[in-house]
Amino acid sequence: MIPATSPPALVPAPDLALQVSATGGSAVLAALALLSLAVAAGLSLLIAYEALKGYRGTRDRAMLFLAVGIVLLTGGPIALRIALPTLTDTPESVRLLSTTVSELLGLGCILYAIYGRP
């Protein structure tokens, strides 16, 4: 008589995607990312300033909406991406929602400046 043996136990293969983790990163890369965000925010404020100068010279409200739209589209999300995690404990979903709302409002202002009757 052949002794009864149990079938070999199937061991699941390790999930390699779950084993990959990263904390922190290169200080140089972080500095370059912050520098590029600062340059992008500075350029958007410069463009908005020029649009405001155009508004003051012509009183064309489209230029005012263009300036506000540029700030909300670029400067607002950059400020929110830096300020919210640094100064508050807001969840990532709230940060994502707030930056997306700022971008949508900025695009709306720019579209209103182009196609609307301000």
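Participant: Explanation requested: helix α4 (residues 92–115) in the structure shown.
Facilitator: Owing to its 3.6 residues per turn, the α-helix aligns residues three or four sequence positions apart on the same side. An ideal rise of 1.5 Å per residue puts 34 Å on 24 residues; α4 measures up with 34 Å between its terminal C-alpha atoms. Considered for burial, the residues of α4 that qualify are Thr99, Ser102, Gly106, Cys109, Ile110 and Ala113. If you follow the buried residues of α4, they end up packed against α3 (61–87).

Participant: Is there a simple way to explain unusual backbone geometry in this structure?
Facilitator: Glycine aside, the phi torsion of most residues is negative, and most peptide linkages are trans. Residues other than glycine seldom take positive phi values, yet Arg59 does so here, at roughly 60°. Examined against the element boundaries, Arg59 turns out to sit in the loop between α2 (27–58) and α3.

Participant: What is the right way to read the pattern of salt bridges from this model?
Facilitator: Here the idea is simple: oppositely charged side chains can pair when their charged atoms come close. In the structure shown here, the tally under the stated rule is two salt bridges. Ionic pairing is found between Glu50 and Lys53, a salt bridge with its closest N-O pair at 3.6 Å. In this pair, Glu50 and Lys53 both sit in helix α2, three residues apart, roughly one turn of the helix.

Participant: When you look at the UniProt feature "transmembrane region" (unreviewed entry) in the protein in this model, what are you seeing that I'm missing?
Facilitator: UniProt annotation of "transmembrane region" (unreviewed entry) refers to residues 27–52, 64–84 and 96–115 when read in the numbering used here. With 100% helix and 0% strand, the stretch residues 27–52 has end C-alpha atoms that lie 37 Å from each other. Segment residues 96–115 splits into 100% helix and 0% strand. End C-alpha atoms: 28 Å apart.

Participant: In this structure, what is going on with the packing of α2 against α3? I would like to understand it.
Facilitator: Helix packing geometry: the angle between the two helix axes and the distance between the axes. Following both chains from N to C, one finds α2 and α3 inclined at 165°, their axes separated by 8 Å at the closest point. If you check the angle between α2 and α3, you find them roughly antiparallel. For the crossing formed where α2 meets α3, the hand is left-handed. Touching Leu34, Leu37, Ala40, Ala41, Ser44, Leu45, Ile47, Ala48, Ala51, Leu52, Gly54 and Tyr55 of α2 are Arg61, Met63, Leu64, Ala67, Ile70, Val71, Thr74, Gly75, Ile78 and Ile82, all from α3. A breakdown of the residues in the contact of α2 with α3 according to their chemical character gives 17 nonpolar, four polar and one charged.

Participant: Would you mind showing me how to read the packing of aromatic side chains here?
Facilitator: The description of an aromatic ring pair uses the distance of the two centres, along with the angle that the planes make with each other. Applying the stated criterion across every chain yields a total of one aromatic pair. A centroid spacing of 4.8 Å and a plane angle of 70° characterise the contact between Phe65 and Tyr112, whose relative ring orientation is edge-to-face. Linking Phe65 in helix α3 with Tyr112 in helix α4, this pair joins segments that are 47 residues apart in sequence.

The rules behind the values
- Residues numbered from 1 in each chain as written.
- Predicted model: local features only at pLDDT ≥ 70, side-chain atom pairs only at ≥ 80, totals over all residues.
- Heavy atoms only, no water.
- Helix = DSSP H or I, 4+ residues; strand = E, 2+ residues; numbered from the N terminus.
- Expected span 1.5 Å × (residues − 1).
- Buried < 20%, exposed > 50% of the residue type's maximum accessible area, 1.4 Å probe, protein only.
- Contact = heavy atoms within 4.5 Å.
- Salt bridge = Lys/Arg side-chain N within 4 Å of Asp/Glu carboxyl O.
- UniProt positions renumbered as here; feature names shortened; annotations may be inferred.
- Axes fitted to C-alpha atoms, helices over the stretch in contact; angles between N-to-C directions.
- Parallel < 35°, antiparallel > 145°, perpendicular 65-115°, else oblique.
- Left-handed = near helix turned anticlockwise from the far one by under 90°.
- Nonpolar A, V, L, I, M, F, W, Y, C, P; charged D, E, K, R; others polar.
- Phe/Tyr/Trp six-rings, centres within 6.5 Å; stacked < 30°, edge-to-face > 60°.

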